[in-house]
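Here are the chains, one letter per residue:
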Amino acid sequence: MFEMPSFVQILDFIGTFAFAISGIRLASAKSFDWFGAYVVGLATAIGGGTIRDLLLDVTPAWMQDPMYLLCTASAMLFVILFRQILIHLNNTFFLFDTIGLALFTVVGATKSIDLGYSFWVAIIMGSITGAAGGVLRDVFINEIPLIFRKEIYAMACVIGGIAYWLCSLMGMEAYLAQIICGVTVFVVRIIAVKYEVTLPILKGEPE
Amino acid sequence: MFEMPSFVQILDFIGTFAFAISGIRLASAKSFDWFGAYVVGLATAIGGGTIRDLLLDVTPAWMQDPMYLLCTASAMLFVILFRQILIHLNNTFFLFDTIGLALFTVVGATKSIDLGYSFWVAIIMGSITGAAGGVLRDVFINEIPLIFRKEIYAMACVIGGIAYWLCSLMGMEAYLAQIICGVTVFVVRIIAVKYEVTLPILKGEPE
Amino acid sequence: MFEMPSFVQILDFIGTFAFAISGIRLASAKSFDWFGAYVVGLATAIGGGTIRDLLLDVTPAWMQDPMYLLCTASAMLFVILFRQILIHLNNTFFLFDTIGLALFTVVGATKSIDLGYSFWVAIIMGSITGAAGGVLRDVFINEIPLIFRKEIYAMACVIGGIAYWLCSLMGMEAYLAQIICGVTVFVVRIIAVKYEVTLPILKGEPE
């Protein structure tokens, strides 16, 4: 029997779709073939969650639900069909991507807490869930991972995780703390990009 | 007591040997030292199976049987001794490599099914077993993974996995379905290379 | 209640600190931002142990003790504050790094033996613990891993592991075998660097 997807599942779908699109677009810029582009899209979408689940020693989510593969396939189809108009949708994808980042952070942190880990582990797991897929993507296309050099990205996950922690310390209910965590990630990322807030570059040693 | 290796073990040895050779040869083209070349050869040979076993949460096969290390060592010795004639053996290695690809796909898919996973997971695990070692190799030598850009390679694993599934759906016995899976991978790869069948390149966005 | 750290914990701290410094310095040479440099430092310090623990199917050490994160943070602070004088400390860091390599090898090998694995697995796990963090670091900064091309590095771990094995075969007590293993790694690495001992380069095939 077909069940209606929950609100979180819909957000999860949007995040997966946006992450897959980002991988597929970068792969297409490097002239990958369709298969390669699909794999890079998939790695971007599920890579963070997979690394998290390996560390937490649980079965990766995508091995239990074909939704992630199908979602990446629809992202692939979307890029093939609407290549011409994709560039006009940059703002839309930025929004989707940020929703994905926020949601993945909440999912990753919550999963760790539910398994009994400390909050500092949960913050890292939230950040890995949100940001490690992009690192994998950049390794596959043979570039220095973007998040190491530019923009507040994974830092937004860390800040959102800390907000989650603080809410929890104050005895707030779980679902409320999760919403605040997600909104924090979202807002931090939006503000950082809008006002071009960046972290300082670590200068190399003098010659 | 020494036991005679089974037919599958001999095929496994041939596949491991061929995969290790491919890693060692590419490492030598980048002037790796002996140790580095050995590690790249090993990663090519066992990388796919190791990633699969981490995802399936079982102990990697090479941690239970030193055969894989010894096989890579003999591949290393082979490259050092017969460097001059290796280029004349390209067709032989292509054959071995394709046998390895076919066998690794069957092993990976069967292992997943035996652990109770759905067939779509098994198809992915078969493809990871066959193709992820080559991705790891290319990351180590700092190249964009070959399978993302050229030739039908991992796609042959996917097609073989689908053949396995169809056979299974038709109620075929396991060993027969496995043979058909392996032969399919082998034939698809041979045909793809012989007739230069490639997947379409995903074009980047217009400037 | 605060407990005094044991001798091994102090060595572990030193090794982690030195490994983190090496990652952070290389990241700074590539103009990573603070966050990126911290992540690369962390990956260098805990990457080897994490890969080992995933293979051994146990929870990674850093998920059970925040020491590794704090230690990397202090390494980060150190690099930011004392950037100017770091280049004069090359010999000191080489020493720390070698202590770390020796200790990580002993820890990795011992952990595997305690879990009931054969000694050849333990030797590999010791080498992964010591050297895989550096491979991860080099993949992140998009360079061919240094240990594949230059110097006796991971080979020192292998030789130390073999020494461990021989001591164990002779019925030596565990703590003594561990000390001999660590000292062997340390001495082999120091001698190799001092006398510029290198492994032969694997020559590519003739054109």
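Rules used in this analysis
Residues numbered from 1 in each chain as written. Chains lettered and ligands numbered in written order. Predicted model: local features only at pLDDT ≥ 70, side-chain atom pairs only at ≥ 80, totals over all residues. Heavy atoms only, no water. Helix = DSSP H or I, 4+ residues; strand = E, 2+ residues; numbered from the N terminus. Expected span 1.5 Å × (residues − 1). Buried < 20%, exposed > 50% of the residue type's maximum accessible area, 1.4 Å probe, protein only. Arc of directions from axis to C-beta. Contact = heavy atoms within 4.5 Å. Salt bridge = Lys/Arg side-chain N within 4 Å of Asp/Glu carboxyl O. Least-squares fit on C-alpha atoms with pLDDT ≥ 70 in both. Buried area = accessible area lost by both parts, 1.4 Å probe. Polar contact = N/O pair within 3.5 Å; in protein donor to acceptor, adjacent residues only side chain to side chain. Nonpolar A, V, L, I, M, F, W, Y, C, P; charged D, E, K, R; others polar. Patch = residues over 30% accessible without salt bridge, like charges linked within 9 Å, V, L, I, M, F, W, Y side chains within 5 Å. Areas by Shrake-Rupley, 256 points an atom, 1.4 Å probe, with all protein chains shown as cover. Axes fitted to C-alpha atoms, helices over the stretch in contact; angles between N-to-C directions. Parallel < 35°, antiparallel > 145°, perpendicular 65-115°, else oblique. 1 Å grid on protein atoms, 1.4 Å probe; cavity = no way out; pocket = protein on both sides within 12 Å on 5 of 7 lines; lining within 4 Å. Points joined across faces, edges and corners; volume = space filled by probe spheres on them.

Draft legend 1. Quick look at helix α8 (residues 174-194) of chain B. All names here are of chain B. Here α8 spans 30 Å end to end across 21 residues, near enough to the 30 Å set by a 1.5 Å rise per residue. What α8 keeps buried is the set A177, C181, G182, T184, V185, V188, R189 and A192. All buried residues of α8 fall inside an arc of 150 degrees around its axis, so they share one side. Residues of α8 that are exposed and point more than 90 degrees away from the buried face comprise Y175 and K194. Turning to α8, the residues buried within the fold contact α5 (90-114) and α7 (154-169).

Draft legend 2. A look at the pattern of salt bridges. One pass over the structure, following the stated rule, counts 12 salt bridges over all chains. Close ionic contact of D53 of chain A with R52 of chain A constitutes a salt bridge, the shortest N to O distance being 3.0 Å. By the burial criterion, D53 of chain A is buried, and R52 of chain A matches it. D53 of chain C is the partner of K111 of chain C in a salt bridge, and the nearest nitrogen-oxygen pair spans 3.0 Å. Placement of K111 of chain C in helix α5 (residues 90-114) and of D53 of chain C in helix α2 (residues 34-56) is noted, with a sequence separation of 58 residues between them.

Draft legend 3. Broad picture of the relation of the copies chain A and chain B. With an axial shift of 0.0 Å and an RMSD of 0.0 Å, the rotation relating chain A to chain B amounts to 120 degrees. The operation mapping one copy onto its partner corresponds to a three-fold rotation axis. The two copies present different faces, since only 11% of the interface residues in chain A are matched by interface residues at the equivalent positions in chain B.

Draft legend 4. A look at the interface of chain A and chain B. Contact with chain A, which involves 35 residues of that partner, is made by 31 residues of chain B. The largest share of the area that chain A buries against chain B comes from F35, M63 and R83 of chain A, three residues that together contribute 24% of it. At the junction of chain A with chain B, the criterion picks out zero salt bridges. Across the contact surface, chain A and chain B share three residue pairs in polar contact (both at pLDDT 80 or more). Those elements that place two or more of their residues in the side of chain A that touches chain B are α1 (7-29), α2 (34-56), α3 (67-81), α4 (83-86) and α6 (119-140) of chain A. Per-element accounting of the side of chain A that touches chain B gives the leading share, eight residues, to α2 of chain A. Here the residues of the side of chain A that touches chain B are counted per class, giving 21 nonpolar, eight polar and six charged.

Draft legend 5. Spotlight on the side chain of T110 of chain B. Along the chain, T110 of chain B turns up in helix α5. Within the local environment of T110 of chain B, its side chain forms a polar contact with the side chain of Y164 of chain B, the two groups lying 2.9 Å apart.

Draft legend 6. Fine view of a nonpolar patch on the surface. All names here are of chain A. A grouping of Y175, L176, I179, I180, V183, V187, I191, Y195 and V197 is seen on the molecular surface, where their side chains present a nonpolar patch of about 810 Å² in accessible area. Structurally, the position occupied by V183 is in helix α8 (residues 174-194). The class for V183 is partly exposed, based on a relative accessible area of 46%.

Draft legend 7. Representation of the packing of helix α2 (residues 34-56) of chain B against α5 of chain B within the structure. Residues and elements named next belong to chain B. Where α2 meets α5, the closest approach of the two axes is 11 Å, and the angle between their N-to-C directions is 10 degrees. By the angle class used here, α2 and α5 are roughly parallel. Counted together, A45, R52, D53 and L56 of α2 and F104, V107, G108, K111 and S112 of α5 form the full contact between these two elements. Split by residue class, the contact of α2 with α5 holds four nonpolar, two polar and three charged.

Draft legend 8. Quick peek at empty space enclosed by the protein. Under the definition given, this model contains three cavities of 30 Å³ or more. Every residue along the wall of the largest cavity is listed here: L54, L55 and D57 of chain A, D53, L54, D57 and V58 of chain B together with D53, L54, D57, V58 and P60 of chain C. Contributions of two or more residues to the lining of the largest cavity are made by α2 of chain A, α2 of chain B together with α2 of chain C. Taken together, the residues of the lining of the largest cavity sort by class into seven nonpolar, no polar and five charged. Of the voids in this model, the second largest cavity is the one considered here, and its volume is about 80 Å³. Every residue lining the second largest cavity is listed: V139, N142 and E143 of chain A, D138, V139, N142, E143 and P145 of chain B together with V139, N142 and E143 of chain C. The class makeup of the residues in the lining of the second largest cavity is four nonpolar, three polar and four charged.

That's the geometry; what it means functionally is another story.
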